[in-house]
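# Residue-level structural notes
Chain residues, written in single-letter form:
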Amino acid sequence: MRYLTFALGKGRLARKSMELFEQIGITCEEMQDPATRKLIFVNEELKLRFFLAKAPDVPTYVEYGAADVGIVGKDTILEEHRRMYEVLDLGYGKCRMCVCGPESARELLKHQELIRVATKYPHIAKEYFYNQKHQTVEIIKLNGSIELAPIVGLSEVIVDIVETGSTLKENGLKVLEEVCPLSARMVVNQVSMKMENERIGKMINELKKVI
Ligand code: PRP
């Protein structure tokens, strides 16, 4: 039997993902060690391999078949638009993609002004402003701490993830518009879905029972 390989997005989702797999009897002891610098973990008995990758790289591994299965946020799926199947909403990592800014920016959004939008998600921002709102904007790509942009005057608004809302609150910003709801999803390589239909299908059914 060949190994089934899983790519998990590093960070917030990874621990939850392993907890979910544990509930259906898929464990990987090696991975529990917080001090490990190892990148890939093997469950010999079940012929499974797991690795952690930067979230935006997970769809890349899955599209090319280097991973059969991936777990990643809907935000990353929408941003990367890779060829793969999205098979399951895992129900955790729930948050929202929003347009945020100071209260004073609300007017600028209403009146189709040419505003600057800072974001880690340029595709999602473009799709929202150009195709849904029909508003021409300048999109400025950043890599983190997006909330800084309107505070220091880099942009009028941001498109970013809001979970509890405390980052916004502590920085005097507000949700001005909601783009879409987000959560963790399971994605599968298109060839693996055919070749490993039995193993992957069984796993999906077991996951559905515990979600
Ligand atoms: C995310 C997001 C917000 C924050 C929202 O950032 O970009 O900054 O979490 O969470 P909250 O609504 O619960 O405050 P993350 O911590 O992933 O880091 P980043 O700044 O590198 O994007």
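In this report, we go over the structure that sits alongside the text. (Residues numbered from 1 in each chain as written. Predicted model: local features only at pLDDT ≥ 70, side-chain atom pairs only at ≥ 80, totals over all residues. Heavy atoms only, no water.)

### Quick word on unusual backbone geometry
A negative phi angle is the norm for most residues apart from glycine, just as the trans form is the norm for most peptide bonds. So the rule is basically this: Secondary structure elements follow DSSP: runs of H or I no shorter than four residues count as helices, runs of E no shorter than two count as strands, and numbering proceeds from the N terminus. Residue exposure (1.4 Å probe, protein chains only): buried if accessible area is under 20% of the type maximum, exposed if over 50%, otherwise partly exposed.
Not every positive phi belongs to a glycine, and Gln112 is a case in point at roughly 55 degrees. Mapped onto the fold, Gln112 is located in the loop between α4 (106-110) and β7 (116-119). Judged by its relative accessible area of 41%, Gln112 is partly exposed. With a phi angle near 50 degrees, His134 is a residue other than glycine that sits in the positive phi range. Relative to the helices and strands, His134 resides in the loop between α5 (122-132) and β8 (138-141). Since its relative accessible area comes to 58%, His134 is described here as exposed.

### Notes on the sheet that holds strand β3 (residues 48-53)
Threshold: When DSSP locates at least two bridges between a pair of strands, those strands are taken to pair. To obtain an axis, a line is fitted to C-alpha atoms, over the contacting stretch when the element is a helix, and the angle between two such axes runs from 0 to 180 degrees between their N-to-C directions. Whether two residues are in contact is decided by their heavy atoms, any of which lying within 4.5 Å being enough.
With mixed pairing, the six strands of this open sheet are ordered in space as β2-β3-β1-β4-β11-β5. The open sheet terminates on both sides in strands that have one partner only, identified here as β2 (40-43) and β5 (85-89). Sheet twist, expressed as the mean angle between neighbouring strand axes with direction ignored, is 25 degrees. Across four bridges, β5 lies against strand β11 (residues 184-188) in antiparallel orientation. Bridging across to β11, Leu88 finds its partner in Met186. Each of β1 (4-9), β3, β4 (69-73) and β11 touches helix α1 (residues 12-23); the most contacted strand, β1, lies at about 140 degrees to it.

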